[in-house]
Amino acid sequence: MKKVLYRIIVNKLVPERMEVFSQILENEFNYTLKSVDDFVRFLPRIIYEGHHGSKLKKILKVLKSANIDFSVHKLVKEENFLFYIDQATHRLILKILNMTLRAGTDAAFVFMVAGNENEFFLRESLIGRGEELVDSFRLSDFIFIIDERSLLFLGFATDNEGLHFLIPKLKKAVQGIVGKDAEIKFGEAVFPKDGYSLPDIMRQVKKNFGMNKKWVKKSKVSDPEPVREENDILSAPMVGPVFDAFESDAFFKDAKGSFFYKLLALSPETVWSGVKNMTIKEQKRFMSKLPHDSKLVDYLSGKIKSQAEVRDVQTAREEIGRLSAGMQFEKGMIERQRNRTTVVGMLNRIESLPVIPAVAMQVYQLSIDPASDIEDVQKVLSTDQGLALKILKLVNSPFYGLGRKVDSIREGIIILGMEEIAQLAFGLSLAGSFSGVGIKGLIDPVSLRRHAVEVAVIGRFLCEDLTDDEFKVAFTACVLHDIGKLFLIQNFPELYKRVMLVAGEMQMPVYAAEEDVFGLNHGVVGGIITKKWNLPDSLVQAISFHHYPPDASEYQELAAIVGFADSLNHMSTAEDTPGAVKSMSVNLMNKGLIDVLQTTLGNISKEMIADKKVQADRFMQENATMIGSIADD
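What counts and what doesn't
Residues numbered from 1 in each chain as written. Predicted model: local features only at pLDDT ≥ 70, side-chain atom pairs only at ≥ 80, totals over all residues. Heavy atoms only, no water. Phe/Tyr/Trp six-rings, centres within 6.5 Å; stacked < 30°, edge-to-face > 60°. Helix = DSSP H or I, 4+ residues; strand = E, 2+ residues; numbered from the N terminus. Buried < 20%, exposed > 50% of the residue type's maximum accessible area, 1.4 Å probe, protein only. Lys NZ or Arg CZ within 6 Å of the ring centre and 35° of its normal. Polar contact = N/O pair within 3.5 Å; in protein donor to acceptor, adjacent residues only side chain to side chain. Contact = heavy atoms within 4.5 Å. Salt bridge = Lys/Arg side-chain N within 4 Å of Asp/Glu carboxyl O.

Undergrad: What exactly am I supposed to notice about the packing of aromatic side chains here?
TA: By convention here, two paired aromatic rings are described through the distance between centres and the angle between planes. Overall, the coordinates contain 11 aromatic pairs when judged by the stated rule. Their ring planes at 45° and their centres at 5.7 Å tell us that Phe 21 and Phe 39 sit as a pair that is tilted. Of the two residues, Phe 21 sits in helix α1 (residues 18-29) while Phe 39 sits in helix α2 (residues 33-41), which places them 18 residues apart along the sequence. Both residues of the pair, Phe 21 and Phe 39, belong to the buried class. Ring geometry for Tyr 496 against Phe 518: centres 6.4 Å apart, planes inclined by 35°, an arrangement best described as tilted. Taken together, the residues Tyr 496 in helix α24 (residues 493-506) and Phe 518 in helix α25 (residues 510-518) connect sequence positions 22 residues apart. Taken as a pair, Tyr 496 and Phe 518 share a single burial class, namely buried. Ring-pair connections join several aromatic residues into one group, and the members of that group are Phe 81, Phe 83, Phe 111 and Phe 209. The ring centre of Phe 137 lies 4.9 Å from the NZ or CZ of Lys 169, which sits over that ring.

In structure tokens:
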């Protein structure tokens, strides 16, 4: 429900009304002489904010009788918003987001606040200074003044990489108005990466707010060197730059793909030099993205705890410089952005999306309809005898261990429940989507489909003793975990060949190579697809973040189960493959995934992972006939 706030702004004062207005401030608002002087020197200013009609009417009457130039604004506050905005601004932001989706690009949000809460007034108010601020940015950027000390910046076609260069510039522009020593806090998010709706984006902004003050270099109005814009970075020659604390921070914080894995090849002290200037939260996030068995995990854990100084800054700078000199940032950034824009643009066209089998959708809808009964589900499944047979094979396998034979779908529903049968029907019918999709010589379509079913079986095994409702959809989440990979292979086979080659050359997980080529991974793509299918948030979150569960806003534990099941299956299939491939499989599990998994399965050690793999392999062998009949059909 929207909250409503009324705001009165005094726009300007003519000299002859100054004394009268000063008396109003003293008598009606209990201002001191100093506060009155601060107020009238820097107009426009907010004189009243409130929800009550009676007090509002009283103040309006006083201002009108004194012939003061003022304006009244009706503001609203949506769920998860940090601030109130007028409805026209709200509608404009929604239009910009719609335009962003149509263009297949990103939009960056930055909510910035100047000064401390206990400061009565800043040197000057931001109200009325919006045009002055926005003139320093691109025509496609927007600045919405929220109140005297805060604003919302919306950058069209700006992603996380662009934010590194935009935020210092925005901070500097704000300090140029309110005072160069003013403290600046901010929160940021990128649409649609951090959310598919305005409330989702604002939730992320709220989550990030005030947590990343060290992310930007402290800038002063008198700084001789302007902060470089994103466009300047793209056009500048990237030849062995020398990094200061801010740049190396940005260099490491959002590193992904092959570049992230090249950073891990640097000496531990050099890695710490790049991580040192982040906030502690960002330091822990960087560490959580490391392979769970990396020696850097223990090293960085100690450094983060002690916040030790870098012993040899010069050597670290030189090592980072040598690495960057050999990388084509400019070309890679442009290609990644172009590919990402193409992928997102295609995802936004309905005709490009994979089609959910009609039977699957009907069964799913019946499962959430309280008025449906066993006969309804049985009737729908009777229209697809192949699917009904697969369900019975699964129900009668050691997968459930019922100890009796189930001869009909009706009997299966009575024993397992309508929701369980619906999940099986939905997952198994969608597993057929993987038929015929592959890349000759690199990806076998049969292997893709079999992997989906095997991960679902392992996921079900891992959830045997888990009673929370969120794990009821584990089978379906596991079947669909690679639906984004299916989309990328179908629509961009040549680019996906490059993904596989990069993964092999760098000995890194395929999802990291996808980020290198596409600017996003198959989990994110799968999340967009399932969101557009209107599937439950539990499935959307689990599929989106199964390779890095900490990024999920909800259902992190389910995402971790899916990621763990995926990793165990890759480890099993890599048994008879070269060590490099086996290493890639193990490295699917980063520290972030393990940390979340421990909240559900208890302490996760190397021994525990090995033991779970043995148990999962045994469970797979017991169900080999059923898996083969379903996956190879």
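Undergrad: So what exactly am I meant to see when it comes to the side chain of His 547 here?
TA: As for its position among the elements, His 547 is in the loop between α27 (537-544) and α28 (556-573). A polar atom in the side chain of His 547 sits 3.2 Å from the side chain of His 546. If sequence neighbours within four positions are ignored, His 547 has contacts with Tyr 511, His 522, Asp 566, Leu 588, Asn 590 and Leu 593.

Undergrad: Before we go on, may I ask you to explain the pattern of salt bridges in this structure?
TA: Opposite charge on two side chains lets them pair, provided their charged atoms get close. On inspection of all chains with the given rule, the structure shows 16 salt bridges. Notably, a salt bridge pairs Glu 148 with Arg 45, separated by 3.3 Å at the nearest N-O pair. Of the two residues, Glu 148 is situated in the loop between β6 (141-145) and β7 (150-156) and Arg 45 in strand β2 (residues 45-50); the sequence distance between them amounts to 103 residues. Among the ionic pairs, Lys 613 bridges to Asp 617, the shortest N-O distance being 2.8 Å. Of this pair, Lys 613 and Asp 617 are both found in helix α31 (residues 606-622), 4 residues apart, which corresponds to roughly one turn of the helix. Classification of Lys 613 as buried rests on a relative accessible area of 12%. The structure contains a network of salt bridges with shared partners spanning Glu 269, Lys 303 and Arg 311.

Undergrad: Before we go on, may I ask you to explain the environment of Thr 476 in this structure?
TA: As for its placement among the helices and strands, Thr 476 is situated in helix α22 (residues 474-479). Residues Thr 476 and Arg 460 lie 16 residues apart in sequence; the distance between their C-alpha atoms is 9.6 Å. Sequence-distant contacts of Thr 476, defined by excluding residues within four places in its chain, comprise Gln 423, Phe 426, Gly 427 and Leu 539.

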